[in-house]
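Fold and contact review
Residue strings, one per chain:
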Amino acid sequence: MNKKIFRGFVILSALLFLWLIAHSVYVITDGISDEGKQADVAVILGNTVNRDGTLSMRLEKRLESGIQLYKNRRIRKILVSGGLGKEGFYEGDKMKEFLLSKGIPDSVIMVDNKGDNTRKTVENTLQLSSRYHFNSIIAVSQYFHVTRIKKLFRDRGFQKVSSVSPDYFEWRDLYALLREFPAYYTR
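Here we summarise the structure given alongside this text. (Residues numbered from 1 in each chain as written. Predicted model: local features only at pLDDT ≥ 70, side-chain atom pairs only at ≥ 80, totals over all residues. Heavy atoms only, no water.)

1. Topic: the environment of arginine 154
- Within the secondary structure, arginine 154 is located in helix 5 (residues 146–155).
- Taking the relative accessible area as the measure of exposure, arginine 154 reaches 36% and is therefore partly exposed.
- Dropping the residues within four chain positions of it, arginine 154 is found in contact with Gln159 and Val161.
- Polar contacts involving the side chain of arginine 154 include one to the main-chain carbonyl oxygen of valine 161, which spans 3.0 Å. (Helix = DSSP H or I, 4+ residues; strand = E, 2+ residues; numbered from the N terminus. Buried < 20%, exposed > 50% of the residue type's maximum accessible area, 1.4 Å probe, protein only. Contact = heavy atoms within 4.5 Å. Polar contact = N/O pair within 3.5 Å; in protein donor to acceptor, adjacent residues only side chain to side chain.)

Given below as structure tokens:
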């Protein structure tokens, strides 16, 4: 390989690595920050429902964050969004069951069972926002995910979006953080 080409490859690789690091630092900082804002609705994004119908710990922690937002009067409504998991359960329905079991009134909860991915959750939420007249959102998901969620809302013209993430961390977050890098720029 030509030295000039090799040097160009090394420089390009170093720049890409620095971009990944800078992006990751931004995503982590943004994801763990809670500005304390109030909103009309919390949008809690779905995650795995186990084969026995119980919620994954990640999903349970997201819902607990939403419950705290409601109890602290930072939101008036909760929208739970998810799809039909391979385990055979609609995430939104299971999330609603959890919220009801924790004392959240049925009248506060909206369910989107067609939020199969982040983009669909955003699209479905925007459709509901015009029907139910909410103008501000707090997105609730893992810290590595919320920056992209907010970007998707803003790209669609919805500017009043903030975020909250649970204090729950796993080793798999490292993979998820790496996955979010290309997802942020392509989805």
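Past the structure itself, the notes keep going.
2. Remarks on helix 2 (residues 57–71)
- The terminal C-alpha atoms of helix 2 lie 21 Å apart, and with 15 residues this matches the ideal 21 Å at 1.5 Å per residue to within 8%.
- Three or more residues of helix 2 are buried, namely Arg58, Leu59, Arg62, Leu63, Ser65, Gly66, Ile67 and Leu69.
- Positioned one or two residues after helix 2, arginine 73 has a phi angle of 60 degrees, which is positive. (Expected span 1.5 Å × (residues − 1).)

3. Re the packing of aromatic side chains
- Under the criterion given, the structure shown has seven aromatic pairs.
- An angle of 80 degrees between the planes, with centres 5.2 Å apart, marks the rings of tryptophan 19 and phenylalanine 181 as edge-to-face. In this pair, tryptophan 19 is assigned in helix 1 (residues 3–32) and phenylalanine 181 in helix 6 (residues 173–186), connecting sequence segments 162 residues apart.
- Ring-pair connections join several aromatic residues into one group, and the members of that group are Trp19, Phe181, Tyr184 and Tyr185. (Phe/Tyr/Trp six-rings, centres within 6.5 Å; stacked < 30°, edge-to-face > 60°.)

4. Here we look at the environment of arginine 62
- Looking at the element boundaries, arginine 62 is found in helix 2.
- Once the C-alpha coordinates of arginine 62 and leucine 45 are considered, the two residues, 17 residues apart in sequence, prove to be 7.9 Å apart.
- Looking at arginine 62, its side chain comes within polar contact range of the side chain of serine 141, at 3.4 Å.

5. Some words on the sheet that holds strand 2 (residues 77–81)
- Spatially, five strands are ordered 3-2-1-4-5 in an open sheet, and the strand pairing comes out parallel. The open sheet has two free edges, formed respectively by strand 3 (109–112) and strand 5 (161–164), since each of these has just one partner strand. Averaged over neighbouring strand pairs, the angle between their axes works out to 25 degrees when direction is ignored.
- Both strand 2 and strand 3 contribute to a ladder of four bridges, which runs parallel. Directly across from leucine 79, in strand 3, lies its bridge partner methionine 110. (Pairing = 2+ DSSP bridges. Axes fitted to C-alpha atoms, helices over the stretch in contact; angles between N-to-C directions.)

6. What about the environment of asparagine 117?
- Its location among the elements puts asparagine 117 in the loop between strand 3 and helix 4 (118–132).
- Each C-alpha atom of the pair asparagine 117 and serine 81 lies 9.1 Å from the other, and the pair is 36 residues apart in sequence.
- Polar side-chain contacts of asparagine 117 include one of 3.1 Å to the backbone nitrogen of arginine 119.

7. Thoughts on the packing of helix 4 against helix 5
- Look at helix 4 against helix 5: their axes get within 10 Å of each other, and the N-to-C directions meet at 45 degrees. Taken together, helix 4 and helix 5 sit at an angle that is classed as oblique. Read as a crossing pair, helix 4 and helix 5 show a hand that is right-handed. Residues Thr118, Arg119, Val122, Thr125 and Leu126 of helix 4 form the contact with helix 5, whose own contacting residues are Arg148, Ile149, Leu152 and Phe153.
- Here the residues of the contact of helix 4 with helix 5 are counted per class, giving five nonpolar, two polar and two charged. (Parallel < 35°, antiparallel > 145°, perpendicular 65-115°, else oblique. Left-handed = near helix turned anticlockwise from the far one by under 90°. Nonpolar A, V, L, I, M, F, W, Y, C, P; charged D, E, K, R; others polar.)

8. Remarks on the nonpolar core
- Formed by 21 residues in total, the largest nonpolar core has its most connected members in Leu63, Ile78, Val80 and Leu99.
- Mapped by element, the contributors of at least two residues to this core are strand 1 (41–45), helix 2, strand 2, helix 3 (91–101) and strand 4 (137–140).
- If you tally residues by element for this core, the top one is helix 2, at four residues.
- Leaving out residues up to four positions away in the same chain, isoleucine 78 has contacts with Val41, Ala42, Ile44, Gly66, Tyr70, Leu99, Ile104, Val108, Ile109 and Met110. (Core = buried A, V, L, I, M, F, W, Y, C linked by side-chain atoms within 4.5 Å.)

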